[in-house]
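These are the residues of each chain, in order.
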Amino acid sequence: MKSMIVCLLAVVLCIGCLAGCGSKKAASPLDKIKDAGKLTLYTEAGFAPYEFLYNNEVVGVDIEIMKEVAKEIGVELVIEDVTFDTICASVKAGKCDVGAAGITITEERKESIAFSDPYTSTAQYVVVLADNNEIATVEDLAGKDIGVQQGTTSDFMIEDLINDGTLAGATSSGYTAPAVAAASIGKLDAVVTDKLTAETIVANNAEKYQCFKLVKADGSDAAEVEAYGIAVPKNSPDLLETVNKVLERLLADGSIAAWEEKYNGIAKGLEG
Ligand code: GLN
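Before going into details, it helps to say that this report is about the structure given with it. (Residues numbered from 1 in each chain as written. Predicted model: local features only at pLDDT ≥ 70, side-chain atom pairs only at ≥ 80, totals over all residues. Heavy atoms only, no water.)

## With respect to the site of the ligand
Then step 1. In the vicinity of the ligand, the residues found are Phe47, Phe84, Ala101, Gly102, Ile103, Thr104, Arg109, Gln149, Thr152, Thr153, Asp194 and Tyr228.
Then step 2. At 2.7 Å from an oxygen atom of the ligand is found a side-chain nitrogen or oxygen belonging to Gln149.
Then step 3. Here Asp194 contributes a side-chain N or O atom positioned 2.6 Å from a nitrogen atom of the ligand.
Then step 4. Notes on the ligand: free accessible area 300 Å², of which the protein chains cover 99%.
Then step 5. When atoms are counted within 2 Å of each cavity's grid points, the one that captures over half of the ligand is the largest cavity.
Then step 6. Residue composition of the shell around the ligand, grouped by class: five nonpolar, five polar and two charged. (Near = heavy atom within 4 Å. Polar contact = N/O pair within 3.5 Å; in protein donor to acceptor, adjacent residues only side chain to side chain. Areas by Shrake-Rupley, 256 points an atom, 1.4 Å probe, with all protein chains shown as cover. 1 Å grid on protein atoms, 1.4 Å probe; cavity = no way out; pocket = protein on both sides within 12 Å on 5 of 7 lines; lining within 4 Å. Sits in = over half its atoms within 2 Å of the grid points. Nonpolar A, V, L, I, M, F, W, Y, C, P; charged D, E, K, R; others polar.)

Next up, the structure:
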């Protein structure tokens, strides 16, 4: 008798489920954002000029872009400052709606999330002390202690080079922000990060630091050219389309280039 009741209950539940699923199409990520009235952005505010703290507020190029996206959708932008290496996983898991943090579009990341069209290109740079004359090429980093932000393309590149023996004896440590790593460069030998961020670190404290593009001893680039994209969950073509539409406008009218200059200027004024 008991098991019959359980069976019956299960059947009723199943029918209920099927009816529920059939009657309403699952809301798309964009519909959910509209319903919630807010677009939740995950970023890592240690990556000037794209995102950094200024007067206790997260500002920067990515923030301006996402404000425009939120405006286009007609919702409020909610910014969460998290560690960089959690952003793509959080986008995938639906903990946030989008990720914007100078995120390089890579094939590996594309396996779990989707990317907008590219909006900036960059290259790997190295920051060293101004009086350093030991490190000029990527091979010179062998045996050195290198600062990289965890989970970034800089981190992956250095890790690969340590593993394949090119940088025998080197260590790499993940700092919350390249700027923090740069500030403690006395303890480290070099910091590897993206071009504009390296240039901002140097501009903050030109007497102390210098930076240059990471090249091999033969003069060729040490890493491929990279491009930034906004991370959105897979299966959300309507959200992706909205982000791309806004990016197209902001690239065409020069807003992104103007913000890069503006926030680079603001970041230069901060303590280095
Ligand atoms: N562009 C690099 C990456 O995506 C670094 C980004 C960052 O440190 N915010 O891995």
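From this point, the narrative continues.
## Things to note about the pattern of salt bridges
Then step 1. Under the criterion given, the structure shown has seven salt bridges.
Then step 2. For the salt bridge of Lys213 with Asp221, the shortest nitrogen-to-oxygen distance reads 3.3 Å.
Then step 3. Linked by salt bridges that have partners in common, Glu68, Lys71 and Arg249 make up one network. (Salt bridge = Lys/Arg side-chain N within 4 Å of Asp/Glu carboxyl O.)

## Looking at the layout of surface pockets
Then step 1. For the largest pocket, the calculated volume is near 550 Å³.
Then step 2. Lining the largest pocket are 19 residues; nearest its centre among them are Thr106, Glu108, Thr153, Phe156 and Glu226.
Then step 3. At four residues, helix 6 (residues 153-163) tops the list of elements feeding residues into the lining of the largest pocket. (Points joined across faces, edges and corners; volume = space filled by probe spheres on them. Helix = DSSP H or I, 4+ residues; strand = E, 2+ residues; numbered from the N terminus.)

## Here's the deal with empty space enclosed by the protein
Then step 1. Evaluation of the coordinates by the stated rule reveals one cavity of 30 Å³ or more.
Then step 2. Among the elements of the structure, helix 6 and strand 12 (190-194) are those that each provide at least two residues to the lining of the largest cavity.
Then step 3. When residues of the lining of the largest cavity are assigned to their parent elements, the largest contribution, three residues, is made by strand 12.
Then step 4. When grouped by side-chain class, the residues that make up the lining of the largest cavity number six nonpolar, seven polar and two charged.

## A closer look at helix 3 (residues 61-73)
Then step 1. The terminal C-alpha atoms of helix 3, which comprises 13 residues, lie 19 Å apart, in line with the 18 Å expected from a rise of 1.5 Å per residue.
Then step 2. Taking burial as the measure, the 13 residues of helix 3 include ten buried ones, the bulk of the element.
Then step 3. The complete set of buried residues in helix 3 reads Val61, Asp62, Ile63, Glu64, Ile65, Met66, Glu68, Val69, Ala70 and Ile73.
Then step 4. The positive-phi residue at the C-terminal boundary of helix 3 is Gly74, with phi of around 90 degrees. (Expected span 1.5 Å × (residues − 1). Buried < 20%, exposed > 50% of the residue type's maximum accessible area, 1.4 Å probe, protein only.)

## As for the pairing of strand 9 (residues 124-129)
Then step 1. Counting buried positions along strand 9 gives five out of six residues, so the element sits mostly inside the fold.
Then step 2. Where strand 9 lies against strand 12, four bridges are found, and the strand directions are antiparallel. Looking across to strand 12, one finds that Gln124 is bridged to Asp194.
Then step 3. As paired strands, strand 9 and strand 13 (residues 209-213) are joined by five bridges and run antiparallel to one another. Pairing of Val127 across the sheet is with Cys211, part of strand 13. (Pairing = 2+ DSSP bridges.)

## Concerning the side chain of Thr200
Then step 1. Note on placement: Thr200 falls in helix 8 (residues 195-204).
Then step 2. A relative accessible area of 2% means that Thr200 is categorised as buried.
Then step 3. Leave out the neighbours within four places in its chain, and Thr200 touches Ala48, Pro49, Asn264 and Ala267. (Contact = heavy atoms within 4.5 Å.)

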